[in-house]
Amino acid sequence: MCNLSLVIPCYNEPENIPLVIEKLKSIIKDLSFTIEVIIVDGASNDGTQDVLKQEFKKLDKNIFKLILQKTRNGYGFDIINGLEVASHDVLAWTHADMQTDIMDIVKGFELYKAHSKKNKNQHLLVKGQRQRRKILDVMLTFSMQVITYFILRVNIHDINAQPKIFSRAFFENYLKDQAPRDFSLDLYALIQAKRTSTKIVSFPVLFKKRILGEAKGGGGSIKNRLNLIKRTFFYILRLKKDIN
């Protein structure tokens, strides 16, 4: 039986952390597999770390692990740091903002197991595919897909959808040492999957409206989204240069 290590990066999410943890606790008690949850705080400066310390006093240390970064090193750095200490054979990450349903991890992992059983010798990456989004969000996501295709000749759908689920071997071989430590991590993981003939399996997920806290990365305002596209564009150019 394969089990799952889930990494959840967070930065300045004091309102959402208790909600995420409560949702995880309600899900974990009914699981048919073993899960390990690694929450990595990226040097929050708004009291999030204090909230996490209090929450973790009440949690099972065999299931929940906490990493508190002392300096801000980036989204990708936090995820890779969490994956490096993971103990199970299947790894994953998702977000702590309550816009992505934690239950999607369970759905995605069951899908991962089903496909792995059929294709035992093939690398596999399972990811979300966001549904029922606003037209502006769909257009911005599609623009990232188009940019990626024309520069790298790789067709990737919904790059930043969560979760991402994959094998330890995929992480060790293609992500651990090479992956970027910023918001380009999602893109890099999918590009590596395409380049290595890793089978990408998508399943429908809902991306909810953020209720508490502020969006980071490419969420929230149009300015944030455009900045993400700009960062992604320049990262793709650097990646093309490295590949060539």
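A quick note: this is a predicted structure, and the numbers were derived from the prediction, not measured.

**Things to note about the overall build of the protein**
Point 1. The number of helices and strands found in the protein is eight helices and seven strands.
Point 2. Against the 2.2 N^0.38 benchmark of 18 Å for 244 residues, the protein shows a C-alpha radius of gyration of 17 Å, consistent with a compact globule.
Point 3. Projected onto its principal axes, the C-alpha coordinates of the protein cover approximately 50 × 45 × 35 Å.
Point 4. Burial analysis of the protein (244 residues in total) assigns 51% to the buried set.
Point 5. Residue pairs in contact within the protein that sit at least 24 positions apart in sequence constitute 80% of those at least 6 positions apart.
Point 6. Of the roughly 12000 Å² of accessible surface on the protein, 53% is carried by carbon and sulfur atoms.
Point 7. Separation between the mean location of the 39 positive side-chain charges and that of the 25 negative ones in the protein comes to 6 Å.

**Here we look at unusual backbone geometry**
Point 1. Of note, the bond from Gln 162 into Pro 163 is cis; its omega dihedral lies within 30 degrees of zero at 0°.
Point 2. Take Pro 163: it is sitting in the loop between helix H5 (135-152) and strand E6 (164-167).
Point 3. Here Met 98, not a glycine, exhibits a phi torsion of approximately 65°, which is positive.
Point 4. Take Met 98: its relative accessible area is 28%, and that puts it in the partly exposed class.
Point 5. Of note in this structure, Arg 132 is not a glycine but carries a positive phi near 50°.
Point 6. Tracing the backbone through its elements, the reader meets Arg 132 in the loop between strand E5 (124-131) and H5.
Point 7. Looking at Arg 132, the relative accessible area reads 74%, which means it is exposed.

**Quick word on the nonpolar core**
Point 1. One finds Leu 83, Trp 93, Phe 166 and Leu 175 to be the most contacted residues of the largest nonpolar core, which totals 36 residues.
Point 2. Those elements that place two or more of their residues in this core are strand E2 (35-41), helix H3 (75-84), strand E4 (90-93), H5, helix H6 (168-174), helix H7 (185-195) and helix H8 (222-243).
Point 3. Among the nonpolar cores identified, the runner-up in size contains 34 residues, and Ile 27, Ile 35, Phe 64 and Ala 92 belong to it.

**Structural notes on the environment of Asp 182**
Point 1. Inspection of the secondary structure assignment puts Asp 182 in the loop between H6 and H7.
Point 2. Measuring from C-alpha to C-alpha, the distance between Asp 182 and Ile 79 comes to 9.5 Å, with 103 residues separating the pair along the chain.
Point 3. The residues touching Asp 182, leaving out its near neighbours within four places in the chain, are Tyr 75 and Gly 76.

**A few points about H3**
Because an α-helix completes one turn every 3.6 residues, residues spaced three or four positions apart along the sequence face the same direction.
Point 1. Counting buried residues in H3 gives eight out of ten residues, a clear majority hidden from the surface.
Point 2. Of all the residues in H3, the buried ones are Tyr 75, Gly 76, Asp 78, Ile 79, Ile 80, Asn 81, Gly 82 and Leu 83.

**Focus: the side chain of Thr 94**
Point 1. Tracing the backbone shows Thr 94 in the loop between E4 and helix H4 (103-118).
Point 2. Not counting chain neighbours up to four residues away, the residues in contact with Thr 94 comprise Leu 6, Val 7, Ile 8, Pro 9, Thr 100, Ile 102, Ile 105, Gln 162 and Pro 163.

**A closer look at a nonpolar patch on the surface**
Point 1. There is a patch of nonpolar side chains on the surface, built from Ile 135, Leu 136, Val 138 and Met 139 and spanning about 380 Å² of accessible area.
Point 2. In this fold, Val 138 is placed in helix H5.
Point 3. Judged by relative accessible area, Val 138 falls into the partly exposed class, the value being 38%.

Conventions and cut-offs
- Residues numbered from 1 in each chain as written.
- Predicted model: local features only at pLDDT ≥ 70, side-chain atom pairs only at ≥ 80, totals over all residues.
- Heavy atoms only, no water.
- Helix = DSSP H or I, 4+ residues; strand = E, 2+ residues; numbered from the N terminus.
- Rg over C-alpha atoms; globule rule 2.2 N^0.38 Å.
- Buried < 20%, exposed > 50% of the residue type's maximum accessible area, 1.4 Å probe, protein only.
- Contact = heavy atoms within 4.5 Å.
- Areas by Shrake-Rupley, 256 points an atom, 1.4 Å probe, with all protein chains shown as cover.
- Lys, Arg positive; Asp, Glu negative; His and termini not counted.
- Charge placed at Lys NZ, Arg CZ, Asp CG, Glu CD.
- Core = buried A, V, L, I, M, F, W, Y, C linked by side-chain atoms within 4.5 Å.
- Patch = residues over 30% accessible without salt bridge, like charges linked within 9 Å, V, L, I, M, F, W, Y side chains within 5 Å.
- Salt bridge = Lys/Arg side-chain N within 4 Å of Asp/Glu carboxyl O.

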